[in-house]
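Each chain is listed here by its residues.
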Amino acid sequence: MVSVAILGAAGGIGQPLSLLMKLNAHVTKLNLYDIVNVPGVAADISHVATNSEVKSFLGASKLAEAVTGIDLAIIPAGVPRKPGMTRDDLFKINAGIVKGLIEAIAENSPRAFICIISNPVNSTVPIAAEVLKKRGIYDPKRLFGVTTLDVVRASRFVRDIRPDVDAATLRVPVVGGHSGNTIVPLLSLASTPLDLSETEVAELTKRIQFGGDEVVKAKDGAGSATLSMAYAGARFADSLIRAIKGETIVEPTFIALAADTEGAEQYRQLGAGALEFFAVPVELGPQGVARIVPLNGDVSSGEREAIAVAAEALATNISTGVEFVSPPTQ
Ligand SMILES: NC(=O)c1ccc[n+]([C@@H]2O[C@H](COP(=O)([O-])OP(=O)(O)OC[C@H]3O[C@@H](n4cnc5c(N)ncnc54)[C@H](O)[C@@H]3O)[C@@H](O)[C@H]2O)c1
Ligand SMILES: O=C(O)C[C@H](O)C(=O)O
């Protein structure tokens, strides 16, 4: 029995993500919540011949009910980028949306696992943590910023220049955060040695860091990645659900390093320093984060420099999120 709520279910990500979660055989209850259009989406998806029960929740008055009795909330609610915008430009609108949704989850399903897709992830995850801390129910093992799309892109973009590599099984650890130069792919530690030239590493790194921009540009004002994100979000949610049921699965995700203080140490020394949140490879288990997985070798000097750049930007993104909920006292 796994009950999942998708908040922002009628959106560009929400719709295909809801469909993919309907296809997930572990899911028994699927609550679809949005402030517009969700009855049609839920009616449509409810006809798919799997055993889960789909319910529609439209508007703020239904939010509490949508998140009552759930094991897992997946949150793609909020506005996407248009050309020329950074993810940080979304903060003004999305910060308040995420805060409100987390408050409802905290009130009605305080032990639910929470996966945040809404951008800027580097700040919306700290917002969520702060809301949960204020309520005294924060468990860093149960809160995740979904960075799976960066890992998915890394595997696929490597294949573009190494056609002998299997994009579906190649794993490139991606650490840091989820925006521009906070995204740090560790190509030197890919699951298959890639033997890349310096130029190839530089070009691939840049493409992985700014892969989102390719989609924003191609959609030309109609939003950002939705279908690849739904795939990535469904993959992360499936991994988490299977881990809750007892499988051991590793996925990179943006979490509180406090979730595994011992495992975090290697990443702190690599450049995460005192940052509260960082994307790291995480072994998932029945309680969420089971442990932070150590890297399987030494990072290159270029990767170490990229982590330092990421850490500086992340420090600002994280405090912007924290201070949105807990403004500093003068
Ligand atoms: N983490 C990632 O890798 C990643 C990847 C792609 C997109 N994103 C982010 O995901 C978010 C959604 O993108 P999209 O393309 O689906 O946007 P979209 O505009 O197509 O859909 C967003 C949905 O959220 C709903 N919404 C707005 N306010 C809400 C509220 N208070 N409660 C519930 N639902 C609400 C809207 O009605 C809409 O249906 C954006 O912030 C985008 O930047 C993140
Ligand atoms: O690029 C965006 O704004 C959406 C998302 O974060 C992505 O990486 O595709």
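Source: prediction; values computed, not measured.

A. Expanded view of the environment of Gly273. Note that Gly273 resides in the loop between helix H10 (261–272) and strand S10 (277–285). Between the C-alpha atoms of Gly273 and Lys245, which are 28 residues apart in sequence, the distance is 33 Å. The contact partners of Gly273, leaving out residues within four places of it in the chain, are Tyr267 and Arg268.

B. Representation of the side chain of Thr147. For Thr147, the location among the structural elements is in the loop between strand S6 (143–145) and helix H6 (148–161). A relative accessible area of 2% places Thr147 in the buried class. Not counting residues within four places of it along the chain, the set of residues in contact with Thr147 comprises Gly177, His178, Pro252, Thr253, Phe254 and Ala279.

C. Expanded view of the packing of helix H4 (residues 91–108) against helix H5 (residues 121–134). Remark: H4 packs on H5, axes separated minimally by 9 Å, with the N-to-C direction vectors making an angle of 35°. Helix-helix and strand crossings are classified by hand; for H4 and H5 the assignment is right-handed. Residues Phe91, Ala95, Val98, Lys99, Ile102, Glu103 and Ala106 of H4 form the contact with H5, whose participating residues are Ser123, Thr124, Ile127, Ala128, Val131 and Leu132. Tallied by class, the residues present in the contact of H4 with H5 amount to nine nonpolar, two polar and two charged.

D. Up close: the site of ligand 1. Inspection of the region around ligand 1 gives 29 residues, with Gly12, Ile13, Asp34, Val79 and Asn119 positioned closest. Gly12 has a polar backbone atom sitting 2.7 Å from an oxygen atom of ligand 1. Asp34 is positioned such that a nitrogen or oxygen atom in its side chain is 2.6 Å from an oxygen atom of ligand 1. Look at ligand 1: alone it shows 870 Å² of surface, and the protein chains cover 86% of it. Elements that contribute at least two residues to the shell around ligand 1 include exactly strand S2 (29–34) and H4.

E. Region of the structure containing the packing of helix H1 (residues 14–22) against helix H9 (residues 227–244). Here H1 crosses H9 at 35°, and the two axes come no closer than 8 Å. The chirality of how H1 crosses H9 is right-handed. Here Pro16, Leu17, Leu20 and Met21 of H1 lie close against H9, whose contacting residues are Leu227, Ala230, Tyr231, Gly233, Ala234, Ala237 and Ile241. Residue classes in the contact of H1 with H9 are distributed as ten nonpolar, one polar and no charged.

F. Spotlight on the site of ligand 2. Taken together, Arg81, Arg87, Asn119, Leu149, Arg153, His178, Gly212, Ser224 and Ala225 make up the full set of residues adjacent to ligand 2. At 2.8 Å from an oxygen atom of ligand 2 is found a side-chain nitrogen or oxygen belonging to Arg87.

G. Molecular detail of the environment of Pro39. Topologically, Pro39 is positioned in helix H2 (residues 38–45). Taking relative accessible area as the criterion, Pro39 reaches 39% and is therefore assigned partly exposed. Along the primary structure Pro39 and Ala64 are separated by 25 residues, whereas in three dimensions their C-alpha atoms are 17 Å apart. Among all residues touching Pro39, those that are not within four sequence positions of it are Ser56 and Leu58.

Parameters at a glance
Residues numbered from 1 in each chain as written. Chains lettered and ligands numbered in written order. Predicted model: local features only at pLDDT ≥ 70, side-chain atom pairs only at ≥ 80, totals over all residues. Heavy atoms only, no water. Helix = DSSP H or I, 4+ residues; strand = E, 2+ residues; numbered from the N terminus. Contact = heavy atoms within 4.5 Å. Buried < 20%, exposed > 50% of the residue type's maximum accessible area, 1.4 Å probe, protein only. Axes fitted to C-alpha atoms, helices over the stretch in contact; angles between N-to-C directions. Left-handed = near helix turned anticlockwise from the far one by under 90°. Nonpolar A, V, L, I, M, F, W, Y, C, P; charged D, E, K, R; others polar. Near = heavy atom within 4 Å. Polar contact = N/O pair within 3.5 Å; in protein donor to acceptor, adjacent residues only side chain to side chain. Areas by Shrake-Rupley, 256 points an atom, 1.4 Å probe, with all protein chains shown as cover.

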